[in-house]
Amino acid sequence: MVLKTIDILKNEIAIEEESVIITEDVKAGLVLVDIINGFCTVGAGNLAPREPNRQISEMIDESTRLARLFCDKKWPILAFLDSHHPDKLEHPYPPHCITGTDESNLVPALRWLEKEQNVTIRRKDCYDGYIGSFQEDGSNVFVDWVKNNKIQTLLVVGACTDICVLDFVCSTLSARNRGFLDPLEEVVVYSQGCATFDFPASMARNTKDISPHPQELMHHVGLYMAKERGAKIAREVSFNSLKKP
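Residues numbered from 1 in each chain as written. Predicted model: local features only at pLDDT ≥ 70, side-chain atom pairs only at ≥ 80, totals over all residues. Heavy atoms only, no water.

Undergrad: Mind showing me how you'd approach the environment of L110 here?
TA: Examined against the element boundaries, L110 turns out to sit in the loop between β3 (77-82) and β4 (119-124). Along the primary structure L110 and V26 are separated by 84 residues, whereas in three dimensions their C-alpha atoms are 25 Å apart. Ignoring any residue separated from it by four or fewer positions in sequence, one finds L110 in contact with I35, T64 and A67. (Helix = DSSP H or I, 4+ residues; strand = E, 2+ residues; numbered from the N terminus. Contact = heavy atoms within 4.5 Å.)

What follows is the structure, encoded as structure tokens:
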């Protein structure tokens, strides 16, 4: 029944995915959203997968591949890490990714990024990385990163597709439309580089305050909503070097 429902939904709100080619004449930046233990490593916390998960594993593999390509080219990367103070939790979710715990750190496959010169790490205490980038003096780490690196194309991957990734993409597109993120032109969400969590209705019935969250369904909805806001949805991402005349 679940598969049938998903098939109906995908037909009713289909997503046109594109093959995106990034060339070296375009200033590109990569944003990694919450690819951390608390959301991706089996048994790492309240919102971590309880067993190995194909969608999450694929997201980590594809995000790692892209991160290595960007580092090889010395192109800018910004990694958001969900990090919450114990007395400032996110309703309706249980405590997760508390500051100072390993839950709020990058997954093992990406820990090497911490030593790369082209990588900016931003710990955030809310869903939305754009909002979470504001500092006490009113400046914004993400906005400054875009402007300082003159980013024209933003490539976004991470977790969760329909929560932190979507919230960040929506805020970024709104800011771009208002002219706050010049010279940013387009935001690309790579579908295979994103994932969300699986919390079927059978589990939700026995858990207080958490709604059902079927993974494949909500992943599709997150991508659909991002496209409706103006993002490109990529089924594949490749890179082309400019040919010399």
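Structure shown, so let's carry the discussion forward.
Undergrad: Please explain the UniProt feature "domain: Isochorismatase-like" (unreviewed entry) in the protein chain as it appears in this structure.
TA: On the UniProt side, "domain: Isochorismatase-like" (unreviewed entry) is annotated at positions that read residues 30-200 here. The straight-line gap between the two end C-alpha atoms of residues 30-200 is 31 Å; of that span, 28% is helix and 19% is strand. (UniProt positions renumbered as here; feature names shortened; annotations may be inferred.)

Undergrad: Looking at this model, I keep getting lost on the side chain of T172. Mind explaining?
TA: Assignment of secondary structure puts T172 in helix α5 (residues 161-177). By relative accessible area, T172 is classed as buried at 0%. For T172, the side chain forms a polar contact with the main-chain oxygen of F168, separated by 2.8 Å. Ignoring anything within four residues of it in the chain, the contact list for T172 reads Y130, F142, L154, L181, L184 and V187. (Buried < 20%, exposed > 50% of the residue type's maximum accessible area, 1.4 Å probe, protein only. Polar contact = N/O pair within 3.5 Å; in protein donor to acceptor, adjacent residues only side chain to side chain.)

Undergrad: I tried to follow helix α4 (residues 141-148) on my own but got confused; where do I start?
TA: Because each turn of an α-helix spans 3.6 residues, side chains separated by three or four positions in sequence point in the same direction. When we look at burial in α4, the residues that qualify are V141, F142, V143, W145 and V146. Of the surrounding elements, those touching the buried residues of α4 are β2 (28-33), β3, β4, β5 (153-159) and α5. Where α4 begins, the side chain of N140 points an oxygen toward the backbone nitrogen of F142, at a separation of 3.0 Å.

Undergrad: Can you help me understand the nonpolar core in this one?
TA: The nonpolar side chains of soluble globular proteins are, as a tendency, buried together. Counting 72 residues, the largest nonpolar core has L113, F142, L154, F168 and V169 as the members making the most contacts within it. Counting residues per element, this core draws most heavily on α5, at nine residues. Apart from residues no more than four positions distant in its own chain, L154 is found in contact with G29, V31, F142, W145, F168, T172, L184, E186, V187 and V188. (Core = buried A, V, L, I, M, F, W, Y, C linked by side-chain atoms within 4.5 Å.)

Undergrad: Quick question: what am I supposed to make of the environment of R122 here?
TA: Mapping R122 onto the fold places it in strand β4. Its relative accessible area of 16% is what places R122 among the buried residues. As a C-alpha pair, R122 and N53 span 69 residues in sequence and 26 Å in three-dimensional space. Residues contacting R122, with those up to four places away along its chain left out, are L78, A79, F80, L81, G132, S133, F134, Q135 and V141. Only 3.0 Å separates the side chain of R122 from the backbone oxygen of G132, close enough to count as a polar contact.

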